[in-house]
Amino acid sequence: MTPQARAQAAIDILDEVIAAARDAGAAADVIIQRYFRARRYAGSKDRRAVRELVYAAIRRSGERPESGRAALIGLAEGDPALAALFDGSVHGPPPIAANETSAEAAEVPMWLRDKLGGLGLLERAPLDLRINRLKDGPIAIEGAEPTPHAPDGLRLPEGTLVDTLPEYEAGLVEVQDEGSQLVTIACAAEPGMKVVDLCAGAGGKTLGLAAAMDDRGIIFACDADRNRLSRLAPRAERAGVTIAETRLLDGGREIMALGDLMGVADLVVVDAPCSGTGTWRRNPEARWRLTPERLARVVALQSRLLDVAARLVRPGGTLVHIVCSLLDEEGAGQAEAFLARHPGWAAEPVMLPAGTPRGPGLRLTPATDGTDGFFVARLKAPC
Ligand SMILES: C[S@@+](CC[C@H](N)C(=O)[O-])C[C@H]1O[C@@H](n2cnc3c(N)ncnc32)[C@H](O)[C@@H]1O
């Protein structure tokens, strides 16, 4: 492909990414893969170059751009070599017209600028692993360094292909961001406990909880998404986790599948569905998906799930509220609202080697901690 054709390919892909963000469609990575699957003539250098252009344009635009062309014209404003590719040659983009729309450069969307600006949401996300203490075996991954805060964290060089590592195949390590490892530690799960992981997904935190419990006790790993939950069992097997029992919940009627767990759990973890603002550095086009309406919906769901969770906690037990979001309405504000709705419950300090106290809990940010953004609060039930 000529450089001009690569630029036009980036524009075409960006058009699809923009439409997918508006209509809750596929992620940018999936769209890029699909695009090149249909264009076998593109070589690996072409793919890499186009991908870099697409992601550079996504990172640069806080607001969803009007079009892929506007996004790339915006990127070209600071890159004369890219601007020169708009020369109207065959397969390339037509020349930029005077006054043509270009996307504005911004870290986050305008409506969230006051709340999320300056938190490092566009920094490069590292590739972190958690050493699985349930398994013994040598770990010799080239270039791996301990993460700064999490005791079992390893940081890998960019581009390491984790799936092909023998340590990964043997279940000696799991892919998990350091922030996710830290909030799992904040749950303080112990051997022998009865734990409910109410929003377990594919089990990222379930496996960490099981390791903290030395695979003793029981974890009821629940989720309303059959697909995600079905990925937990093979991961648990690989990791040597035997105490996770999955339960599929009916969204909106979760309690129906939880009747036998009312008031008996030592620990209930609500790793709630959220805006995902804390992970925007990994999937920056998610900035274009969030709207005030979507945020309001997810905040309401979180508060309902926290109320469901509270019914499962035994007297004196603990409910841990986690979100990978940096918005207070999902984090500190959500925990405060829970405490206001549930007299007798109290926030406990969150003891972690990183993070900053925020309302009744603690917040991790890319800027201050180098992790994905998280909020975690420990809420103790009355005895
Ligand atoms: C932040 S993700 C969980 C990630 C997971 N704990 C991990 O560590 O990988 C939130 C999860 O909440 C689930 N969820 C959404 N609505 C739910 C509901 N009504 N009841 C239970 N889980 C729900 C989603 O399917 C999603 O898997």
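Throughout this description, residue numbers start from 1 for each chain and increase along the sequence as written. Note on the predicted model: pLDDT of at least 70 is required for a residue's local features to be given, and 80 or more for side-chain atom pairs to be given and counted; whole-chain, interface and lining totals, by contrast, use all residues.

**Quick notes on the overall build of the protein**
Thinking step 1. Assigned secondary structure in the protein consists of 14 helices and 13 strands.
Thinking step 2. For this measure, only C-alpha atoms enter the radius of gyration; the expected value for a globule follows 2.2 Å times N^0.38, where N is the number of residues. At 23 Å, the protein has a C-alpha radius of gyration in line with the 21 Å of a compact globule built from 383 residues.
Thinking step 3. Summarising its shape, the C-alpha atoms of the protein cover approximately 75 × 50 × 35 Å along the three principal directions.
Thinking step 4. With C-beta atoms placed from the backbone, a residue counts as buried when 20 or more other C-beta atoms lie within 10 Å of its own, as exposed when 12 or fewer do, and as partly exposed for counts between those limits. Taken over 383 residues, the protein has a buried fraction of 45%.
Thinking step 5. Considering only contacts within the protein whose residues lie at least 6 apart along the sequence, 73% involve residues at least 24 apart. Under the scheme used here, helices are H or I runs from DSSP no shorter than 4 residues and strands are E runs no shorter than 2 residues, and both carry numbers assigned from the N terminus. Note on contacts: residues are paired as contacts if their backbone-placed C-beta atoms lie within 7 Å.

**A few points about the site of the ligand**
Thinking step 1. With respect to spatial proximity, 18 residues lie near the ligand, and among them Cys-199, Gly-201, Gly-204, Asp-225 and Asp-271 are the closest.
Thinking step 2. When contributions to the shell around the ligand are tallied by element, the ones reaching two or more residues are helix H9 (204-212) and strand S6 (218-223).
Thinking step 3. Nonpolar residues are Ala, Val, Leu, Ile, Met, Phe, Trp, Tyr, Cys and Pro. Charged residues are Asp, Glu, Lys and Arg, and all others, Gly as well, are polar. Classifying every residue of the shell around the ligand by side-chain character gives 9 nonpolar, 3 polar and 6 charged. Here is the check we use: build the C-beta atom from the backbone, and if it is within 6 Å of the molecule or strand, call the residue near.

**Quick look at the UniProt feature "active site" (unreviewed entry) in the protein**
Thinking step 1. UniProt's entry tags Cys-324 with the feature "active site" (unreviewed entry), counted in the numbering of this structure.
Thinking step 2. Residue position: Cys-324 is located in the loop between strand S9 (313-323) and helix H13 (332-341).
Thinking step 3. If near-sequence neighbours (up to four positions away) are discounted, Cys-324 is found in contact with Cys-274, Gly-276, Gly-278, Thr-279, Asp-372, Gly-373 and Phe-374. UniProt positions are given in the numbering used here, feature names are shortened, and annotations may be inferred rather than shown by experiment.

**Let's talk about the environment of Gly-159**
Thinking step 1. By the element assignment, Gly-159 lies in the loop between strand S3 (153-156) and helix H7 (166-169).
Thinking step 2. Judged by the 6 C-beta atoms lying within 10 Å of it, Gly-159 falls in the exposed class.
Thinking step 3. Along the sequence, Gly-159 and Leu-127 sit 32 residues apart, while their C-alpha atoms lie 8.3 Å from each other.

**Here we look at the pairing of strand S13 (residues 374-380)**
Thinking step 1. For S13, the tally of buried residues reaches 6 of 7 residues, placing the bulk of the element in the interior.
Thinking step 2. Only strands joined by at least two bridges in the DSSP assignment are considered to pair. One ladder, built from 6 bridges, connects S9 with S13; its direction is antiparallel. In the sheet register, His-321 faces S13, and the bridge partner there is Ala-377.
Thinking step 3. Across 3 bridges, strand S12 (residues 361-364) lies against S13 in antiparallel orientation. Note on S13: the bridge partner recorded for Leu-364 is Phe-374.

**Some thoughts on the UniProt feature "domain: SAM-dependent MTase RsmB/NOP-type" (unreviewed entry) in the protein**
Thinking step 1. Under the local residue numbering, the UniProt record ascribes the feature "domain: SAM-dependent MTase RsmB/NOP-type" (unreviewed entry) to residues 100-382.
Thinking step 2. Annotated as 25% helix and 23% strand, the span residues 100-382 places its first and last C-alpha atoms 62 Å apart.

**Let's talk about H13**
Thinking step 1. Residues Ala-332, Gln-334, Ala-335 and Phe-338 constitute the buried set of H13. Along H13, the residues classed as buried sweep out an arc of 165 degrees about the axis, all on the same side. Pointing more than 90 degrees away from the buried face of H13 are the exposed residues Ala-340 and Arg-341.
Thinking step 2. At its buried positions, H13 is contacted by helix H12 (292-310), S9, strand S10 (346-348), strand S11 (356-358), S12 and S13. Working note: the arc is built from the helix axis to C-beta atom directions.

**Structural notes on the nonpolar core**
Thinking step 1. Definition of nonpolar core: a set of buried Ala, Val, Leu, Ile, Met, Phe, Trp, Tyr and Cys residues joined via C-beta atoms within 7 Å. Among the nonpolar cores identified, the biggest contains 64 residues, and Val-268, Val-269, Val-270 and Val-376 are the most heavily contacted of them.
Thinking step 2. Setting aside residues no more than four positions away along its own chain, Val-376 makes contact with Val-183, Ala-186, Val-320, Ile-322, Val-350, Gly-361 and Leu-362.
Thinking step 3. One finds Ile-13, Val-17, Ala-71 and Leu-75 within the second-largest nonpolar core, a separate group that totals 27 residues.

**Side note on the packing of helix H1 (residues 3-22) against helix H4 (residues 68-76)**
Thinking step 1. Interaxial angles span 0 to 180 degrees and are taken between N-to-C directions of axes, which are lines fitted to C-alpha atoms, for helices over the stretch in contact. As a packed pair, H1 and H4 sit with axes 7 Å apart at the nearest point and diverge in direction by 125 degrees. By the criterion of interaxial angle, the relationship of H1 to H4 is oblique. In terms of crossing hand, the pair formed by H1 and H4 is right-handed. Along its contact with H1, which presents Ala-7, Ala-10, Ile-11, Asp-12, Ile-13, Leu-14, Asp-15 and Ile-18, the element H4 presents Gly-68, Arg-69, Ala-71 and Leu-72.
Thinking step 2. Considering only residue class, the contact of H1 with H4 consists of 8 nonpolar, 1 polar and 3 charged. Our angle categories are set so that under 35 degrees counts as roughly parallel, over 145 as roughly antiparallel, 65 to 115 as roughly perpendicular, and the remainder as oblique. The crossing is said to be left-handed when, going from far helix to near helix, the turn is anticlockwise and less than a right angle, and right-handed when the turn is clockwise.

**Re H12**
An α-helix turns once per 3.6 residues; consequently, residues spaced three or four apart project the same way.
Thinking step 1. For H12, spanning 19 residues, the distance from its first C-alpha to its last is 27 Å, which sits close to the expected 27 Å at 1.5 Å a residue.
Thinking step 2. Tucked inside the fold, the buried residues of H12 contact strand S8 (265-271), S9 and H13. By this rule, a helix spans an expected 1.5 Å times one less than how many residues it contains.

**Examining the packing of H1 against helix H3 (residues 44-60)**
Thinking step 1. One can describe the packing of H1 onto H3 by two numbers: an axis separation of 9 Å at closest approach and a directional angle of 50 degrees. Compared by their axis directions, H1 and H3 come out oblique. For the pair H1 and H3, the crossing hand works out as right-handed. Residue-level contacts link Arg-6, Ala-7, Ala-9, Ala-10, Ile-13, Leu-14 and Val-17 of H1 to Asp-46, Ala-49, Val-50, Leu-53, Val-54, Ala-57 and Ile-58 of H3.
Thinking step 2. Each residue belonging to the contact of H1 with H3 can be placed in one class, and the counts come to 12 nonpolar, no polar and 2 charged.

**Re the sheet that holds strand S4 (residues 173-175)**
Two pairing modes exist for strands in a sheet, parallel and antiparallel, and in both the strands are linked by backbone hydrogen bonds.
Thinking step 1. Taken in spatial order, the 4 strands line up as S2-S3-S1-S4 in an open sheet, and their pairing is antiparallel. The open sheet has two edge strands, strand S2 (145-146) and S4, and neither has a second partner.
Thinking step 2. Two strands pair when backbone bridges link them, and strand S1 (residues 127-131) and S4 are joined in this way by 3 bridges, in the antiparallel orientation. The residue bridging Arg-130 from the neighbouring strand is Glu-174, located in S4.

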